[in-house]
Amino acid sequence: MSKLPHPKDALFEGEKPFPIIPACEHFAGSEKLITKALELQNKLGGLFDITMDCEDGAQTGKEKEHAEMIVRIQNSELNKHNMSGVRIHDYTNSFWKQDVDIIVPGAGNKIAYITIPKPTKASQVEEMITYIQGAAKKAGITREIPIHVLIETHGALADVDKIAALPWMQVVDFGLMDFISGHHGAIPASCMKSPGQFDHELLRRAKASCVAAALAHGVIPAHNVTLDLKNQYQTYKDAKRAHDEFGFLRMWSIYPTQIQAILDAMAPDYSEVQTSAAILVKAQDAEWGPIQHDGDLHDRATYRYFWEVLQKAKLTGIAIPEEAAKRFF
């Protein structure tokens with residue numbers, strides 16, 4: 001292990017580094033599906049996050065029992081990687097506070113994040129985050145619990161910049177289905193799938209606005225699901241287009257076979273991983289001063305980019321050259 005400063009210490013002095021989290025977020029609602037998802041997560045070595053769903057997962061009348069089940073599984077031996085978040089009910093649903101009151105004291109030190117669905121304005125998200133913060137403080141939890149917010153209404157899109165700037169924010173999610181439904185037929189149902197979801201001007205505008213707001217505030221933009229559950233290549237194409245054309249850095253999965261397709265599409269290019277490793281090894285040897293590599297000048301500004309590439313490679317399962325892996329991981 002090198003005694004020279006590690007990139008996480010040397011490159012981000014005095015500022016918050018950009019979140020490096022898995023490129024895939026897999027939704028599971030029932031205890032059976034959550035258990036299967038955790039088993040797969042463990043098998044793959046923690047390459048994707050799981051969102052345990054209180055909103056659509058709970059049976060009507062059993063919301064309390066469902067939240068308690070999630071706490072139990074969060075605290076179980078099956079949750080080896082602590083890479084599972086929870087989606088709570090939306091602001092207009094009376095159960096959202098109950099979700100928080102059960103989940104934060106019960107698993108606040110384990111949950112990876114809390115997802116807030118269907119806000120119609122930034123003030124609702126702010127109120128919910130404040131309530132979560134209060135619940136954490138009351139339970140003696142000192143960590144920040146990352147917050148993810150679904151942008152799936154006209155009001156949330158209008159306030160997306162304010163939402164992305166709120167405290168504890170980690171991810172801005174785009175929710176396609178509810179967003180299309182909110183347009184009362186102006187966007188056809190065919191746009192719930194490709195190519196329409198990427199080509200319709202109102203959807204292009206919405207997706208671009210979400211990504212721009214997220215990145216401006218150091219937050220991850222996450223793309224909606226692919227409805228074609230069992231066509232892995234369609235999922236791959238959707239994830240690739242979301243990443244390459246719109247700048248999304250994460251995508252939802254709702255079927256186990258979608259996970260690897262999303263990881264493959266959003267993984268850094270193999271040759272870029274090799275280049276990043278070589279540059280960062282040289283940079284560390286130069287104690288993070290400027291260097292030359294293949295005739296190009298590099299300094300801290302480019303080192304930050306290449307360090308993020310290596311971290312993403314690690315999270316998507318791409319092999320990192322041995323020397324860089326030994327030094328940095």
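Source: prediction; values computed, not measured. (Residues numbered from 1 in each chain as written. Predicted model: local features only at pLDDT ≥ 70, side-chain atom pairs only at ≥ 80, totals over all residues. Heavy atoms only, no water.)

A word on the nonpolar core. Val104, Ile116, Ile147, Ile151, Met169 and Val172 are the most contacted members of the largest nonpolar core, which has 72 residues in total. Per-element accounting of this core gives the leading share, seven residues, to helix α5 (residues 122-138). Setting aside chain neighbours within four positions, we find Ile116 in contact with Ile88, Val125, Met128, Ile129, Ile132, Ile147, His148, Val149 and Leu150. Listed in part, the 22 residues of the second largest apolar core include Leu11, Tyr303, Val309 and Ala313. (Core = buried A, V, L, I, M, F, W, Y, C linked by side-chain atoms within 4.5 Å. Buried < 20%, exposed > 50% of the residue type's maximum accessible area, 1.4 Å probe, protein only. Helix = DSSP H or I, 4+ residues; strand = E, 2+ residues; numbered from the N terminus. Contact = heavy atoms within 4.5 Å.)

Turning our attention to the pattern of salt bridges. Going through the model one piece at a time under the given rule, you end up with 16 salt bridges. A salt bridge links Arg87 to Glu55, with the nearest nitrogen and oxygen atoms 3.2 Å apart. One end of the pair, Arg87, is in strand β3 (residues 84-87); the other, Glu55, is in the loop between β2 (49-53) and α3 (63-74), with 32 residues separating them in the sequence. For Arg87, a relative accessible area of 7% translates into the label buried. One continuous salt-bridge network, built from bridges that share partners, spans Asp53, Glu55, Asp56, Arg87, Lys118 and Asp178. (Salt bridge = Lys/Arg side-chain N within 4 Å of Asp/Glu carboxyl O.)

Sites flagged by UniProt as "binding site: Mg(2+)" (unreviewed entry) map to Glu152 and Asp178. A compact arrangement is adopted by the annotated residues: their sequence extent is 27 residues, whereas the largest C-alpha distance between any two is 5.6 Å. Within the fold, Glu152 resides in the loop between β5 (147-151) and α6 (154-158). Given the relative accessible area of 5%, Glu152 is considered buried. For Glu152, the residues in contact, after removing those within four places along its chain, are Pro117, Lys118, Gly175, Asp178 and Phe179. A polar contact is formed between the side chain of Glu152 and the backbone nitrogen of Lys118, at a distance of 2.9 Å. Tracing the backbone shows Asp178 in helix α8 (residues 176-181). Sequence-distant contacts of Asp178, defined by excluding residues within four places in its chain, comprise Lys118 and Glu152. (UniProt positions renumbered as here; feature names shortened; annotations may be inferred. Polar contact = N/O pair within 3.5 Å; in protein donor to acceptor, adjacent residues only side chain to side chain.)

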